Amino acid sequence: MPSGLWRRLQAGGAAVLRGFVGEGEEALLAREVEPLLRRRPYQDQHWDGAIHKYRETERLHWSQESREILQRVRDVAFPPQVPQLAQVHVLDLDKTGYIKPHIDSVKFCGCTIAGLSLLSPSVMRLVSEQNPRDCLDLLLERRSLYILRGPARYEFTHEILKDEESFFDGQKIPRERRISIICRNLPLPPS
Ligand SMILES: O=C(O)CCC(=O)C(=O)O
Ligand SMILES: [Fe+2]
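Residues numbered from 1 in each chain as written. Chains lettered and ligands numbered in written order. Predicted model: local features only at pLDDT ≥ 70, side-chain atom pairs only at ≥ 80, totals over all residues. Heavy atoms only, no water.

## Comments concerning the overall build of the chain
Helices and strands together make up the secondary structure of the chain, namely four helices and 12 strands. In terms of C-alpha radius of gyration, the chain reaches 16 Å, essentially the compact-globule figure of 16 Å for 191 residues. Based on the C-alpha atoms only, the size of the chain along its principal axes is roughly 45 × 40 × 35 Å. The buried share of the chain, taken over its 191 residues, is 50%. Look at the contacts in the chain between residues 6 or more apart in sequence, and 80% of them connect residues 24 or more apart. Taking the 28 positively charged and 26 negatively charged side chains of the chain as two groups, their mean positions are separated by 1 Å. (Helix = DSSP H or I, 4+ residues; strand = E, 2+ residues; numbered from the N terminus. Rg over C-alpha atoms; globule rule 2.2 N^0.38 Å. Buried < 20%, exposed > 50% of the residue type's maximum accessible area, 1.4 Å probe, protein only. Contact = heavy atoms within 4.5 Å. Lys, Arg positive; Asp, Glu negative; His and termini not counted. Charge placed at Lys NZ, Arg CZ, Asp CG, Glu CD.)

What follows is the structure, encoded as structure tokens:
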């Protein structure tokens with residue numbers, strides 16, 4: 001992803017870190033969230049209309065092994081001085097699921113969003129709200145960690161492409177069921 005735009009977003013704190021977790025760690029995390037997800041049917045649409053064919057949960061208590069992985073995420077992704085949400089968001093997208101362009105609410109979510117992608121690769125598209133011609137696709141491989149901060153967090157919508165549209169550099173990126181594990185921090189109170 002060597003574009004000038006990506007370099008600008010990286011300078012603002014955005015990143016994609018390939019192979020952030022290993023295969024064993026991916027399996028461990030997936031196994032741990034599976035029983036929580038399995039109880040629920042896939043929903044067609046989120047209340048705000050952004051997410052399709054998904055199920056989700058939030059988790060506060062994790063096994064020791066998972067806590068260590070999540071701590072690694074927190075250590076690389078978050079600035080130390082900003083309080084983080086203790087709850088971790090777990091989102092399970094069906095093979096046919098996708099996420100439409102949106103910016104996470106600035107009321108509920110702070111400067112940084114950090115997401116681990118498990119089980120399937122996908123393409124995340126970032127589009128500038130100001131100038132929609134400024135857009136960029138990120139390849140989110142299985143076991144990668146993405147970090148949205150700075151302009152990538154506040155000035156660009158993000159979305160996860162549906163299987164039919166899932167191409168990167170002209171290459172098909174077949175979408176399978178994908179679980180993302182997302183940590184966020186809190187908005188700073190107005191000073
Ligand atoms: O699944 C992901 O990695 C992104 C989820 C997302 O954009 C959201 O929950 O706001
Ligand atoms: Fe989002």
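## Topic: unusual backbone geometry
At Lys 53, a position not held by glycine, the phi torsion is positive, near 55°. Take Lys 53: it is sitting in strand β3 (residues 51–59). Not every positive phi belongs to a glycine, and Asp 169 is a case in point at roughly 55°. Note on placement: Asp 169 falls in the loop between β10 (167–168) and β11 (171–172).

## Some thoughts on the environment of Gly 13
Note that Gly 13 resides in the loop between α1 (4–11) and β1 (15–17). Each C-alpha atom, one on Gly 13 and one on Gln 43, is 33 Å from the other, the two residues being 30 residues apart in sequence. Once you skip the residues sitting within four places of it in the chain, Gly 13 turns out to touch Ile 147 and Arg 149.

## What to know about the coordination of the iron ion (ligand 2)
For the iron ion (ligand 2), the protein coordination sphere consists of His 102 (NE2), Asp 104 (OD) and His 158 (NE2), at 2.0 to 2.1 Å. Written as a sequence motif, the donor arrangement for the iron ion (ligand 2) is H-x1-D-x53-H. (Donors = N, O, S within 2.8 Å, 3.2 Å for Na, K, Ca; no water.)

## Focus on the nonpolar core
Ranked by size, the top nonpolar core spans 24 residues in total, and within it Leu 9, Met 124, Leu 126, Leu 138 and Tyr 146 carry the most contacts. Among the secondary structure elements, those contributing two or more residues to this core are α1, β3, β4 (88–102), β6 (122–128), β7 (135–140), β8 (145–149) and β9 (156–160). Setting aside anything within four residues of it in sequence, one finds Tyr 146 in contact with Ala 15, Val 16, Ile 113, Ala 114, Gly 115, Ser 117, Met 124, Leu 140, Arg 178 and Ile 182. One finds Leu 29, Ile 69, Val 90 and Leu 118 within the second-largest nonpolar core, a separate group that totals 23 residues. (Core = buried A, V, L, I, M, F, W, Y, C linked by side-chain atoms within 4.5 Å.)

## Here we look at the site of ligand 1
Close to ligand 1 lie His 89, Leu 91, Ile 99, His 102, Asp 104, Tyr 146, His 158, Arg 178, Ser 180, Ile 182 and Arg 184, which account for all nearby residues. Within the side chain of His 158, one N or O atom sits 3.0 Å away from an oxygen atom of ligand 1. Here Arg 184 contributes a side-chain N or O atom positioned 3.1 Å from an oxygen atom of ligand 1. For ligand 1, the protein covers 94% of the area, taking 300 Å² as the surface of the free molecule. A breakdown of the residues in the shell around ligand 1 according to their chemical character gives four nonpolar, four polar and three charged. (Near = heavy atom within 4 Å. Polar contact = N/O pair within 3.5 Å; in protein donor to acceptor, adjacent residues only side chain to side chain. Areas by Shrake-Rupley, 256 points an atom, 1.4 Å probe, with all protein chains shown as cover. Nonpolar A, V, L, I, M, F, W, Y, C, P; charged D, E, K, R; others polar.)

## Concerning the packing of aromatic side chains
Scanning all chains against the criterion turns up zero aromatic pairs. One cation-aromatic arrangement involves Arg 72 over Phe 20; the distance from NZ or CZ to the ring centre is 5.2 Å. (Phe/Tyr/Trp six-rings, centres within 6.5 Å; stacked < 30°, edge-to-face > 60°. Lys NZ or Arg CZ within 6 Å of the ring centre and 35° of its normal.)

## Some points on the environment of Gln 84
Residue position: Gln 84 is located in the loop between α3 (64–77) and β4. Spatially, the C-alpha atom of Gln 84 lies 26 Å from that of Glu 129, the residues being 45 residues apart in sequence. In this structure Gln 84 touches Arg 74, Phe 78, Arg 184, Asn 185 and Leu 186, once residues within four positions along its chain are discounted. At a separation of 2.8 Å, a polar atom in the side chain of Gln 84 contacts the side chain of Arg 74.

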